[in-house]
Amino acid sequence: MKDELRKVRFGKWACVLWIGMLPSVIFGGELPLREIIDREIKAAWANEKITPPGQSSDSLFLRRIYLDLVGMIPGYEETTGFLQDSDPKKRKKLVDKLLADPRYARNQARVWDVSLLGRNPKHVGHQDNRKHFRGWLEMQFANNEPYDRLVHKLLAAEEDGSQLYYVVHRGADDLTTATMRLLLGTQLQCAKCHDHPYNSWTQRDYYGMAGFFVRTFVHEGEKKENVTRWFVGEKSMGQVNFTIVPVDAKPGTKGEPVAPKFLGGADLQEPELPKDFKEPKVEKKKAPPKPMFSRREKVVEWITGRDNPYLARAAVNRSWAQFMGRGFIHPVDDLNEDDQGSHPVLFKEIERQFVAHNFDLKWLVREIVNSKAYQVADIGTATQAAPKFYERARVRPLSVEELYASLHLATGLGVEAAAKGRPSNDMLKYLGDPVDGRGDFQGSATERLFVHNGDVFRNLCHPRNDNLSERLLKGSESPEAKVDQMFLSVLSRAPTEEERERFVRYLNVEGDDAKQASQRMEEAMWVLVSCSEFRFNR
Amino acid sequence: MKVHTQPGNCRPDQHDSRRNFLKGTIVTAAGAVVPNWGALVHSQTIAAEAKRLGKRCIMLYMEGGVSQIDTFDMKPGRPTAGPFRPIKTNVDGIQVCEYLPKMARHADKLAIIRSMKTKSVDHGIGGYHMHTCYPQSERVPHPEIGAMIAKYCDNPESDLPSFVKMGASGNYGAGYLGPKYDPFVLGTDGRLPGFTNPSVKPEVQERRGELLKFMEDQHAKVHQARPFASVREAELRTIRLMRARAAFDVNEEWEKARERYGDTHFGRGCFTAVKLAEAGVSFVEVGQWGYDSHNDNFSCHKSLLGRLDPAWSSLLEDLQVRGLLQDTLVVWTSEFGRTPLINSQAGRDHYGRAWTVVFAGGGIRGGQHYGASDKDGFDVAENPVSEGDYFATIYSALGMNHRKKHFLGTRPIWATPEGSKPIKQLLG
Amino acid sequence: MEKKEQTPEATGPFADAKVLYTLPWSREAITDVAFIGNERVAAANKRGEILVWNLSALDDKTTDPARLLSGHTNEINRLLVTPDGKTLISVSSDHTVRYWDALSEQGETGKVVLNGIERKGVVPLNAKPPEAPEPIEATVVVQKPLRELTGHREWVHGLAQTPDGKTLVTGDDEGVVIVWDRVAGTERRRWQGNFWVRALGVSPDGKTVAASEYFSHRHPEKEKDSYRSFRFWDVETGEPKLDCSEEIKDTMTAIRYSADGKWLAVCVGDSGKEKPPGKVMLLDPETGKVILDLEPPHLLGATDLAFHPDGKHLFSSGRDQLVKIWRLEDGKHVRDLGTAKERGDWISGISISPDGRLLAAADMKGQVVVYSLMAT
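How each quantity is defined
- Residues numbered from 1 in each chain as written.
- Chains lettered and ligands numbered in written order.
- Predicted model: local features only at pLDDT ≥ 70, side-chain atom pairs only at ≥ 80, totals over all residues.
- Heavy atoms only, no water.
- Helix = DSSP H or I, 4+ residues; strand = E, 2+ residues; numbered from the N terminus.
- Buried < 20%, exposed > 50% of the residue type's maximum accessible area, 1.4 Å probe, protein only.
- Contact = heavy atoms within 4.5 Å.
- Areas by Shrake-Rupley, 256 points an atom, 1.4 Å probe, with all protein chains shown as cover.
- Disulfide = S-S within 2.5 Å.
- Phe/Tyr/Trp six-rings, centres within 6.5 Å; stacked < 30°, edge-to-face > 60°.
- Lys NZ or Arg CZ within 6 Å of the ring centre and 35° of its normal.
- Axes fitted to C-alpha atoms, helices over the stretch in contact; angles between N-to-C directions.
- Parallel < 35°, antiparallel > 145°, perpendicular 65-115°, else oblique.
- Left-handed = near helix turned anticlockwise from the far one by under 90°.
- Nonpolar A, V, L, I, M, F, W, Y, C, P; charged D, E, K, R; others polar.
- Buried area = accessible area lost by both parts, 1.4 Å probe.
- Salt bridge = Lys/Arg side-chain N within 4 Å of Asp/Glu carboxyl O.
- Polar contact = N/O pair within 3.5 Å; in protein donor to acceptor, adjacent residues only side chain to side chain.
- pLDDT = per-residue confidence, 0-100.
- Domains from an automatic or database assignment.
- Expected span 1.5 Å × (residues − 1).
- Pairing = 2+ DSSP bridges.

Caption draft 1: Just the overall build of chain B, in detail. Of regular secondary structure, chain B possesses eleven helices and 18 strands. When burial is assessed residue by residue, chain B has 64% of its 428 residues classed as buried. Within chain B, counting contacts between residues at least 6 apart in sequence, those at least 24 apart form 73% of the total. Carbon together with sulfur atoms contributes 51% to the accessible area of chain B, which is approximately 14900 Å² in total.

The following block contains the structure:
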């Protein structure tokens, strides 16, 4: 039997190989990126003498891909549908389906919003401002705006809702640091007070970049309902002055003016201002006048230029880390010139193809998640959350938004309910930021206390509102079938023999005690949503 | 990242308990196994055995950078003095600020180190350096002092967390020691965070806890990744915390203590620290906000010292009265000091070249100055004390090895950097 | 502060204001200034020294003071001169209130050092401590206080008098307010507030004292809102008769009634925040309610107030290096004197000469600037 299968499989693979070679023929010898990924990852395993891991089971893959692409677990129907499907291409089709789902854009907007602004940014004012920004981001992802265009739009800050980035990162200091770190993956701020400890950058480099932003300012326009219309303006005058000053100096402290200089590049050439030039007044609530010469425009061009050495690289590293758990270079925003990353050949190749595909993020995501490397199993001896050579699937905690949505789906309240609401302030507070300064998950007693005694988890498990608990209580299926439903709903998998048996026992009450039955059902559901398996994406 | 700890540091019976703790059960001295995944009540035997032995530490952390010249290193008559005047204490030769009158009566307990000389003079990095002993630029996840002390002085039988923190101080984490030694953070006035009261009946708590344990055990069989372990450990800590929450409830006794400590968050925090020390918590950190006086330094310090004085002095008194002072090291510290020169906004800025910390209790020889700054307070004149020396002194006072070695992969890391020396003059 | 700021209304009153003298005294931060008549200016500093300049004796070559009033042992916080122009009164952090002969030129000759180390605070990591500069001295007549009142046990900041010069009111950081018979130097009444009384004003009829109390603190979530109060006290009974703490949510640095009792002005500063707002407000003297919030406020805290003898204008000074002039009738901002700067040298006190022609402004950097307010 095995031999026959092997023959069939060989035959299939032979076909696939033949078909797979077609694109290489057409595109002049290029393998699809997903296969290059697999090849390189595998090569690194061999090099490091790591036993290659197996592939994830269907239910593991299902849950993983849903969370990664649309930010919530699959519902019961979707789960059973996928698990029962015998189509060998079902994983690929699922990826396509989810990438076309509007929730994909929303999820990407959420991920990039938190990256760009931080979890709890200052200066945002009313939270509707943030919603507005996310809405703008969502539109970009829905249209699959090429990444370099997206960054250009973000930095040009002309489209409605796109300006919050400048509002949050105010002042030349913050703006320079944030832009260099988030968009170009360089921790240039370390070079602010002394020449960079690990790179060859100097203070001159830092202040040279700051020079592009020192004239930028944010101006408040009209407020409609709770949303403020912001303008990002730029003065015609103003310099970064610097001299050797104490540790906590800011640009603008007395010193010599520093001309703007592109990082790793030339000084900026700018025209002289007319002699009697006076900075025009900025009128209240109105768009500020354009500057005589815009430094910011120049730096935006440079940042989003095709040949900017940092832009594609940083984006690739970030996206790779988003799905694989760990960038080629770790931490994700600390790319320095000497570090080639854990998989230098692969990193370079992805970067090249990303640029060749016009910075198409959706294409990149599709390639990554269709790779076998992404789809590896979650068991193995490695104990890190994100193993360096990807020999085990990464384990990452669900964000509070993912938790909120997934809890609704897990307790059978449906996608609408999951997508509509927002986590409460309490939930944000207790579940919002479970990582330490280095990005590692920290289990905390305060989080567990909230899970135990806060109302969110309990209320969703309590039988009511036609949720899963209520339906199962009323339903006439066998206890075993009910337990199966619970596991499939919450953990997107069937229970093991032991688990089924244990849960059936737990749900069994003496006589007809409806109250007890309800209590037990609630408790059993609570256990499923509170366990560590639910809390992470793996 | 593999973390190995040095063997041979604990007593055999403690070692046994630790193993069982990790398995999720408690073994009493009599050998009975008690499940503790949800049980909110445990037997008298365990309670008795959980009584503390060994030393503990309370750290009073002045957030923002406290001014040494306006507290313990007065410079009367000098241009850097400012408007505060010194007063005598109950120790000849020791003077303190007039706005610390109650502390003046405890000078015999205090070891005043006036020669701190540290390198990280900004918030964030200063707090990090003074909490972990290492500068923040290094890429090693150093544990903060509370985590280190919690690990080596903890009592695994106790339900209470070994490391409790309240008020302002930042969260530096347990680093390479692992999330088990993370602080349990209370509100700024020592109140329990929300949701500490169990929301279900004890029997429900217990049976669902059992079911949860079952799920976790099944999961742990094939899932070794650290985040899962982290959640499991947190769950265990949480159950024990709910069980021991009465220890944090100081409301009734606070009514009487309020007068002495001052009706402030910091006062209540200090009182809570005393109660927790009594209940056996190894390390409690109480932070007081607001010392970063780049402008109006004297108004700022005057009001803060007015709150610090009754709280700190009552804390020392109460520890003494309860017979705990000998075994409890009380450290008064900050991120850095403040400039001797007053700036143009009547303020003082950050300063690391010469500043002051104060130790008391824990066997420290009180009633003395150690080290001195020059006549105007610009530099250390004698016996400079580095971050490493400061940490070494604390660890030594608590009976810990200040050159304790851990491993990050294959790389060794020491609790204090090479060359750190505990201050012999202070240690009994 | 040599530069003038011109506002569009530079054709109104005080349009011709210009600097007449800049009197350097940088030994230590100057805290207040007061005109003695129209010819003399007194200023006090944080060393507890008071210098008096005779303006008629000043010219291009000399800006030296004539007298040094010596006696205080800690910072002097406020100065005033009695309406008859004969007595100068100072309050200090040495807990005392002292009287000085405002006019006499008699006394021992002595010297006073006029300059000192630049107040910078931040010193680069490895730098040497700054050297004291070569002392610049002036020869002065040194005088002692006429009288020392020791009723207070804490820093005294609050200082006010009635226009008839008979009642003096002082307030300290213990919360104690003392109403004095100014001439006799005896206590008429005293009462105890809750926090530091750093600003107070007394109504012209001497019956009401408006006092702002606070206790500096810097906590992101305020511990208690009640670390601050603003109340009107009945001098006869020593009891508070009106509590307006909710009306103005910031702590005040100066409270002044106009001589005719029509106006009550307050200004806001140092509330323990890093950037205290610098509002100046006109209140109803009877009810304490805000009538006018003068705009635009000082960029940072406001520090002092002075009513112009013309009865129509109010002057305020601030931490933004500005003196602002306001029209009382409608609260209109007439003009600014000085250059606004966010982290500059605070103006700590102002005083207007009795004839309304001169303004003196003292700053923390160490100079007293005398402006001529009118053309001639």
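Caption draft 2: Local environment of the state of the cysteines. All names here are of chain B. In the structure shown here, the tally under the stated rule is zero disulfides over all chains. Unpaired in terms of disulfides, C97 finds its nearest cysteine sulfur in C300, a separation of 13 Å. C97 gets classed as buried once you look at its relative accessible area, which sits at 0%. A disulfide-free cysteine, C270 has its sulfur positioned 13 Å from the sulfur of C57, the nearest such atom. For C270, a relative accessible area of 0% corresponds to the buried category.

Caption draft 3: Representation of the packing of aromatic side chains. Per the counting criterion, the structure on display carries 42 aromatic pairs over all chains. Ring geometry for F14 of chain C and F315 of chain C: centres 5.3 Å apart, planes at 80 degrees, overall edge-to-face. Remark: F315 of chain C occurs in strand β25 (residues 313–318) and F14 of chain C occurs in the segment before β1 (18–24); sequence separation between them is 301 residues. Residue F14 of chain C is classed as buried on the basis of its relative accessible area of 5%. Taken together, the aromatic side chains of W112, F141, Y147, F354 and F359 of chain A make up a single cluster linked through ring pairs. Above the ring of Y374 of chain A, the side-chain terminus of R64 of chain A is found at 5.7 Å from the ring centroid. Its end group placed over the ring of F82 of chain A, K90 of chain A keeps NZ or CZ at 4.6 Å from the ring centre.

Caption draft 4: Structural view of the environment of G185 of chain C. Residue and element names in this part refer to chain C. Along the polypeptide, G185 turns up in the loop between β14 (176–181) and β15 (186–192). For G185 and M374, which are 189 residues apart along the polypeptide, the C-alpha to C-alpha distance reads 37 Å. Here G185 is in contact with Y99, R147, L149 and W180, once residues within four sequence places are set aside.

Caption draft 5: Structural view of the packing of helix α19 (residues 445–453) of chain A against helix α7 (residues 226–243) of chain B. Viewed as axis vectors pointing N to C, α19 of chain A and α7 of chain B meet at an angle of 70 degrees, and their least axial separation amounts to 8 Å. Relative to α7 of chain B, α19 of chain A is oriented roughly perpendicular. Here α19 of chain A and α7 of chain B pass one another in a crossing that is right-handed. On α7 of chain B, the residues touching A445, R448, L449, H452 and N453 of chain A of α19 of chain A are V231, A234, E235, R237, T238, I239, L241 and M242 of chain B. The residue inventory of the contact of α19 of chain A with α7 of chain B, partitioned by class, reads seven nonpolar, three polar and three charged.

Caption draft 6: Local environment of the interface of chain B and chain A. At the interface, 46 residues of chain B touch 51 residues of chain A. For the chain B and chain A pair, buried surface summed over both sides reaches about 4300 Å², with 60% attributable to carbon and sulfur atoms. Applying the counting rule to chain B against chain A returns two salt bridges. Here R448 of chain A ties to E235 of chain B by a salt bridge, and the two come within 2.6 Å at their closest N and O atoms. In this assembly, chain B and chain A are joined by 13 residue pairs in polar contact (both at pLDDT 80 or more). Counting only elements with at least two residues in the side of chain B that touches chain A, the list comes to α6 (202–222) and α7 of chain B. The dominant element in the side of chain B that touches chain A, judged by the number of residues it contributes, is α6 of chain B, at 14 residues. Broken down by class, the residue content of the side of chain B that touches chain A amounts to 21 nonpolar, 13 polar and twelve charged.

Caption draft 7: Here's a closer look at the confidence of the model for chain B. A residue-level look at chain B finds 85% of positions with pLDDT of 70 or above and a mean pLDDT of 83. Across the interfaces of the predicted complex, the ipTM metric reaches 0.90, alongside a pTM of 0.76.

Caption draft 8: Structural view of the domain arrangement of chain A. All names here are of chain A. Here chain A is partitioned into domain 1 (104–304) and domain 2 (397–537). Across the boundary between the two partners, domain 1 contributes six residues, which contact nine residues of domain 2. Interface of domain 1 and domain 2: buried area, both sides summed, is about 580 Å²; carbon and sulfur atoms make up 35% of it. Taken as a group, R110, R119 and Q127 account for 74% of the area that domain 1 buries against domain 2, more than any other trio of residues on that side. Across the domain 1-domain 2 interface, the total number found is two salt bridges. Across the pair R110 and E402 runs a salt bridge whose closest N-O atoms are separated by 3.7 Å. It is helix α7 (residues 127–142) that provides the largest number of residues to the side of domain 1 that touches domain 2, a total of three residues. A per-class count over the side of domain 1 that touches domain 2 returns no nonpolar, one polar and five charged.

Caption draft 9: Layout of helix α10 (residues 297–321) of chain B. Residues and elements named next belong to chain B. For α10, with 25 residues, the first-to-last C-alpha span of 35 Å sits near the 36 Å given by 1.5 Å per residue. The element α10 is largely enclosed, with a buried count of 21 among its 25 residues. Phi turns positive, to about 70 degrees, at G323, one or two residues after α10.

Caption draft 10: Region of interest: the pairing of β15 of chain C. Residues and elements named next belong to chain C. Of the strand pairs in this sheet, β14 and β15 are connected by six bridges, and their pairing is antiparallel. Considered in β15, the bridge of D181 is made with T186. Connecting β14 to the antiparallel partner β15 that follows it, the hairpin turn spans four residues, and G185 within it adopts a positive phi of roughly 75 degrees.

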